[in-house]
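Structure assessment
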Amino acid sequence: MESSWRAQLQDEFSLDYMQALRKFLADEKQQGKTIYPRANEYFSALNLTPFKQLKVVILGQDPYHGEGQAHGLCFSVPPGISPPPSLVNIYKELGNDLNIPRPEHGCLINWAMQGVLLLNSVLSVEKSQAASHQGRGWEQFTDQVIAQINEHTEHVVFILWGAYAQKKGAFIDTSKHLVLQAPHPSPLSAHRGFFGQKPFSRTNEYLKSQGKEPIEWALPDIQTAQQQFQQAQKINQEIADKANAVS
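Residues numbered from 1 in each chain as written. Predicted model: local features only at pLDDT ≥ 70, side-chain atom pairs only at ≥ 80, totals over all residues. Heavy atoms only, no water.

Turning our attention to the pattern of salt bridges. For the coordinates displayed, the defined rule picks out four salt bridges. In this structure, Lys33 and Glu28 form a salt bridge, with 3.3 Å as the shortest nitrogen-oxygen distance. The exposure class of Lys33 is partly exposed, given its relative accessible area of 29%. (Salt bridge = Lys/Arg side-chain N within 4 Å of Asp/Glu carboxyl O. Buried < 20%, exposed > 50% of the residue type's maximum accessible area, 1.4 Å probe, protein only.)

Written out as structure tokens, the structure reads:
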């Protein structure tokens, strides 16, 4: 895990729930099950958005369970993979809000590298088995991620889409952070009020009011996104290699 996050979270890894989660994942792989994302991408959201650079948190639920989709950032898929329906609706709202044309890919690494933590509540899933790793310990870990942000930072924007994210972020201190809530962008719920909330412009207005650089929400072309994806893979692998060397 990236060093500034490790300083905040390292005590979690010795706790019983994390040891049980580690054993569960090892057992699943030993049984021949395919797990998404790859192990060195479980903490990709943290690795690509260091604690000290954090400006925005977008909270998801589970990784995508289709082949080639999950790479450790909520709502994001690698370049060349078709954007899933929820991301398509996020792009629609991005266009409505900031008049940004729909990007030609679904990779959100550019947001992560600007300080947008794209955090799922659960960080792994079995192939083709939605929500298969819920209740195994990830939720406790990501609760602690949010708690560290809430306690040790100021003026972070939390974007909570859907009842699940809103319940998970219910303890956030709104006296020192901005919390934006809306229905989930899924086609099943987006019509209930997701569109028209203008989260991207509201986020930037708040960041500027706090003396912070706004987020450039327009995503780069697919060639640049591919380069960023490769860079992210390199970062995750380097961090994993360091951890393996220590252990």
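Turning our eyes to something else, we now look at the sheet that holds strand S6 (residues 178-182). Spatial strand order, S3-S2-S5-S6: four strands in an open sheet with parallel pairing. Every interior strand has two partners, whereas the edge strands, strand S3 (116-120) and S6, have only one. Strand-to-strand, the axes of this sheet are offset by a mean angle of 20°, without reference to chain direction. Across five bridges, the pairing between strand S5 (residues 157-161) and S6 is parallel. Residue Trp161 lies in a different strand from S6, and its bridge partner there is Ala182. Taken strand by strand, helix H6 (residues 138-152) contacts strand S2 (56-60), S3 and S5, and its axis lies near 155° from that of S3. With respect to the sheet, helix H8 (residues 199-209) is in contact with S2, S5 and S6, its orientation differing from that of S5 by roughly 165°. (Pairing = 2+ DSSP bridges. Helix = DSSP H or I, 4+ residues; strand = E, 2+ residues; numbered from the N terminus. Axes fitted to C-alpha atoms, helices over the stretch in contact; angles between N-to-C directions. Contact = heavy atoms within 4.5 Å.)

All right, on to the layout of surface pockets then. Here the largest pocket defines a volume of roughly 960 Å³. Lining the largest pocket are 29 residues; nearest its centre among them are Met1, Phe13, Arg22, Phe43 and Ala243. When residues of the lining of the largest pocket are traced back to their parent elements, those giving at least two are helix H1 (3-9), helix H2 (16-30) and helix H9 (222-246). The element best represented in the lining of the largest pocket is H9, accounting for nine residues. Per-class residue counts for the lining of the largest pocket are 15 nonpolar, seven polar and seven charged. In this structure, the second largest pocket encloses a volume near 570 Å³. As for the second largest pocket, its lining consists of 31 residues, and the residues nearest its centre are Gln61, Asp62, Tyr64, Ser86 and His184. Considering every element that reaches the lining of the second largest pocket, the biggest residue donor is helix H7 (residues 163-168), with three residues. (1 Å grid on protein atoms, 1.4 Å probe; cavity = no way out; pocket = protein on both sides within 12 Å on 5 of 7 lines; lining within 4 Å. Points joined across faces, edges and corners; volume = space filled by probe spheres on them. Nonpolar A, V, L, I, M, F, W, Y, C, P; charged D, E, K, R; others polar.)

Inspection of the secondary structure assignment puts Thr224 in helix H9. As for Thr224 and Tyr206, which are separated by 18 residues in sequence, their C-alpha atoms are 28 Å apart.

So, on to H6. Structural remark: α-helix, 3.6 residues per turn; residues separated by three or four positions point the same way. Across its 15 residues, H6 extends 21 Å between first and last C-alpha, which sits within 8% of the 21 Å expected from 1.5 Å per residue. Where H6 is concerned, the buried positions are Trp138, Glu139, Phe141, Thr142, Val145, Ile146, Gln148, Ile149 and Asn150. (Expected span 1.5 Å × (residues − 1).)

A separate point is the packing of aromatic side chains. Between two aromatic rings, the relevant description is the distance of the centres plus the angle of the planes. As enumerated under the stated definition, the model contains 14 aromatic pairs in all. Ring centres of Phe43 and Trp138 lie 5.9 Å apart, and the angle between their planes is 75°; this geometry places the pair in the edge-to-face category. Note that Phe43 is positioned in the loop between strand S1 (35-36) and helix H3 (44-48) and Trp138 in helix H6, a separation of 95 residues in sequence. The pair Phe43 / Trp138 is uniform in exposure class, with both members buried. (Phe/Tyr/Trp six-rings, centres within 6.5 Å; stacked < 30°, edge-to-face > 60°.)

In this structure, Trp5, Ile58, Trp111, Leu117, Trp138, Phe141 and Ile149 are the most contacted members of the largest nonpolar core, which totals 71 residues. Excluding anything up to four places from it in sequence, Leu117 contacts Trp5, Ala45, Leu46, Thr49, Leu54, Val56, Val57, Ile58, Val145 and Ile149. (Core = buried A, V, L, I, M, F, W, Y, C linked by side-chain atoms within 4.5 Å.)

Below, the discussion takes up H2. Taking 1.5 Å of rise per residue, 15 residues should cover 21 Å, and H2 covers 21 Å from first to last C-alpha, within 8% of that figure. Regarding H2, the residues found buried are Tyr17, Met18, Leu21, Phe24, Leu25 and Glu28. Buried residues of H2, viewed axially, fall in a sector of 115°; they line one side. Residues of H2 that are exposed and angled more than 90 degrees away from the buried face: Asp16, Arg22, Lys23 and Gln30. (Arc of directions from axis to C-beta.)

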